[in-house]
Amino acid sequence: MSHVDRIDELFTLKTIAETLNQCVDLDEMMPSVLEKLLHLTGLKTGWIFLVKERPHYSCVADHGLPPALEWENKKPMRHMSCWCLDKFWSGQLQQAVNIMECKRLEDAVTYQWGDTHNLTHHATVPLIASGKRFGLLNVGSPGKEHFTEKELTLLQSVAFQIGTAVERIILFEAQKQRAEYFARLDELTRVIWKINNKRVLPEKVVHHIAHYFQWPVIALFLIKNRQLSLKSLYYKQEAGVRTKISHTLSLANAHIIKSALKQQNVTLGQEKLSFLPGVRDKNTWHTAGVPLILSDKPIGLLYLAKTLANPFSEAERDVLKALGDHLSLLIETIRMPAYRSPCGK
């Protein structure tokens, strides 16, 4: 690399770093850094995906897309898989590479979505930091079919900067979320500790949890005579909390519940919800089992589910552990004959 090229590369990296350091919000940062990168490198088109578990991803920034990729409000960028995403999910994509042909652009020609402006190829670079993979940076120009090793090395360096910035923002947001969740938990516990009637406890507990945390599926089970019985269920797609449930659960398909009770700890996983009465959704969900334990003995379980596009965070797991401790003590306390609400009611 010549002295002039090295100066240009350092200037590009310095400018990108300055752009990233000015942002504390992903929605603001991604379009800004992409536009700056394209300007500095002379490339015309680019887009950035943030990628979750297959098949979930989102296009968080794009610039200079040809009409074919703008088709129907950028539908090709939102609802299609492609070779670079497939390689990302399979773990094959670890560094900047030339994508010989772009499936989105090939499909645009095949299905006549519009003019591709002679854009056929692009470079794709994984966004990685601290061993974690966050997404993909794709850049190209009309008529450009190959990126040199020097170009790919520069893009790799930029992608590392972006990945590090993404990690920083995600950690910052996680800290904010944790603080917000524990503030909600504090309010929730104040409310549920006012319950002084064990007959309405399951319904009211589930109702209040749904209000403060908006998890789409919440179920409360209690153990009696060594049987796990469903006492209250909230299912967002239906009409709120179902009451007066007395449903003995078959654990044949409830793997997370079995695991949580066995380990006596918050357990996360994925499963279908067909074992819950009235839930006919055939999709797989992220699920959490929160055992309710008192004196090393299970007395019940709180069960929650979220869509695959929105997994439980570390902050949520910590909140669930604390919520389980509160519910365990509340249930045992309210069963005591002489119990009265802390409010004197």
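Cut-off values and rules
- Residues numbered from 1 in each chain as written.
- Predicted model: local features only at pLDDT ≥ 70, side-chain atom pairs only at ≥ 80, totals over all residues.
- Heavy atoms only, no water.
- Phe/Tyr/Trp six-rings, centres within 6.5 Å; stacked < 30°, edge-to-face > 60°.
- Helix = DSSP H or I, 4+ residues; strand = E, 2+ residues; numbered from the N terminus.
- Buried < 20%, exposed > 50% of the residue type's maximum accessible area, 1.4 Å probe, protein only.
- Pairing = 2+ DSSP bridges.
- Polar contact = N/O pair within 3.5 Å; in protein donor to acceptor, adjacent residues only side chain to side chain.
- Core = buried A, V, L, I, M, F, W, Y, C linked by side-chain atoms within 4.5 Å.
- Contact = heavy atoms within 4.5 Å.
- Arc of directions from axis to C-beta.
- Axes fitted to C-alpha atoms, helices over the stretch in contact; angles between N-to-C directions.
- Parallel < 35°, antiparallel > 145°, perpendicular 65-115°, else oblique.
- Left-handed = near helix turned anticlockwise from the far one by under 90°.
- Nonpolar A, V, L, I, M, F, W, Y, C, P; charged D, E, K, R; others polar.
- Salt bridge = Lys/Arg side-chain N within 4 Å of Asp/Glu carboxyl O.

**Some thoughts on the packing of aromatic side chains**
Thought 1: Here the structure, examined in full by the defined rule, presents 7 aromatic pairs.
Thought 2: Measuring from ring centre to ring centre gives 5.8 Å for Tyr181 and Phe213, while their planes differ by 75°; the resulting arrangement is edge-to-face. A residue pair is termed long-range when its members are at least 10 positions apart, and Tyr181 in helix H6 (residues 149–192) and Phe213 in helix H7 (residues 201–213) qualify at 32 residues.
Thought 3: Classification of Tyr181 as buried rests on a relative accessible area of 10%.
Thought 4: Here Phe213 and Trp215 contribute two aromatic rings whose centre-to-centre distance is 4.6 Å and whose plane-to-plane angle is 5°, an arrangement assigned as stacked.
Thought 5: Residue Phe213 is classed as buried on the basis of its relative accessible area of 6%.

**Some details on the environment of Ala254**
Thought 1: By the secondary structure assignment, Ala254 is in the loop between strand S9 (247–248) and helix H8 (255–263).
Thought 2: Accessibility expressed as a relative area gives 0% for Ala254, which makes it buried.
Thought 3: When the C-alpha atoms of Ala254 and Ser274 are compared, they prove to be 9.0 Å apart, with 20 residues separating the residues in sequence.

**Structural notes on the pairing of strand S4 (residues 122–129)**
Across a regular strand the side chains alternate sides, sitting on one face of the sheet and then on the other.
Thought 1: Most of S4 sits out of view: 8 of its 8 residues are buried.
Thought 2: Both faces of S4 are covered, namely the face carrying His122, Thr124, Pro126 and Ile128 and the face carrying Ala123, Val125, Leu127 and Ala129.
Thought 3: As defined by bridge partners, strand S3 (residues 97–99) adjoins S4 across 3 bridges and the pair is classed as antiparallel. Each bridged residue has a counterpart across the sheet, and for Ile99 the counterpart in S4 is His122.
Thought 4: Note: S4 against strand S5 (residues 132–140), 7 bridges, orientation antiparallel. Considered in S5, the bridge of Val125 is made with Leu137.

**Structural notes on the pairing of strand S7 (residues 227–235)**
Thought 1: The buried fraction of S7 is high, at 7 of 9 residues.
Thought 2: Here strand S6 (residues 217–224) pairs with S7 via 8 bridges, running antiparallel. The residue of S7 that forms the bridge with Lys224 is Gln227.
Thought 3: Here S6 folds back onto S7 in antiparallel fashion, the turn holding 2 residues, of which Asn225 has a positive phi close to 55°.

**Remarks on the side chain of Thr189**
Thought 1: Looking at where Thr189 falls in the secondary structure, it is placed in helix H6.
Thought 2: Among the polar contacts made by the side chain of Thr189, one reaches the main-chain carbonyl oxygen of Asp186 at a distance of 2.9 Å.

**Some points on the nonpolar core**
Thought 1: The biggest cluster of nonpolar side chains holds 35 residues, and the ones touching the most others in it are Val205, Ile209, Ile218, Leu302, Leu304 and Leu327.
Thought 2: Put simply, the parts of the chain that give this core at least two residues each are H6, H7, S6, strand S11 (284–294), strand S12 (297–306) and helix H9 (314–334).
Thought 3: The element best represented in this core is H9, accounting for 9 residues.
Thought 4: Ignoring any residue separated from it by four or fewer positions in sequence, one finds Ile218 in contact with Val206, Ile209, Ala210, Ser232, Leu233, Tyr234, Leu302, Tyr303 and Leu304.

**Some remarks on unusual backbone geometry**
Thought 1: The amide bond that connects Arg54 to the next residue, Pro55, takes the cis arrangement and shows omega of 5°.
Thought 2: Following the sequence through the fold, Pro55 ends up in the loop between strand S1 (45–51) and strand S2 (57–63).
Thought 3: The phi torsion at His117 lies on the positive side, around 55°, for a residue other than glycine.

**Comments concerning helix H4 (residues 83–90)**
Thought 1: If you check which residues of H4 are buried, you get Cys84, Leu85, Phe88 and Trp89. Down the axis, H4 shows its buried residues gathered within 130° of arc, on one side only.
Thought 2: Those residues of H4 that are buried are in contact with S1, S2, S3, helix H5 (103–110), S4 and S5.
Thought 3: Downstream of H4 by a residue or two, Gly91 has a phi angle that is positive, lying close to 85°.

**Focus: the packing of H6 against H9**
Thought 1: Running from N to C, H6 and H9 point in directions that differ by 15°, and their axes come no closer than 9 Å. Taken as axis vectors, H6 and H9 run roughly parallel relative to one another. Remark: the crossing between H6 and H9 carries right-handed chirality. Contacts from Ala174, Gln177, Arg178, Tyr181, Phe182, Leu185, Leu188, Thr189 and Ile192 of H6 reach H9 at Ala315, Glu316, Asp318, Val319, Ala322, Leu323, His326, Leu327 and Leu330.
Thought 2: Taken together, the residues that form the contact of H6 with H9 break down as 12 nonpolar, 3 polar and 3 charged.

**Considerations on the sheet that holds S5**
Thought 1: Judged by pairing direction, the sheet is antiparallel, and its 5 strands sit side by side in the order S2-S1-S5-S4-S3 without closing on themselves. Where the open sheet ends on each side, the last strands, each with one partner, are S2 and S3. Adjacent strand axes in the sheet meet at a mean angle of 25°, parallel and antiparallel pairs treated alike.
Thought 2: Strands in contact with H6 are S3, S4 and S5; relative to S4, the strand with the most contacts, it is inclined by about 40°.

**A few points about the pattern of salt bridges**
Side chains that differ in sign of charge can pair as their charged atoms come close.
Thought 1: Going through the model one piece at a time under the given rule, you end up with 11 salt bridges.
Thought 2: For Glu173, the salt bridge is made with Lys176, and the minimal N-O distance between the two is 3.8 Å. Taken together, the residues Glu173 and Lys176, both in helix H6 and 3 residues apart, mark about one turn of the helix.
Thought 3: Owing to a relative accessible area of 44%, Lys176 belongs among the partly exposed residues under this scheme.
Thought 4: The shortest N-O distance in the salt bridge between Arg178 and Asp318 comes to 2.3 Å.

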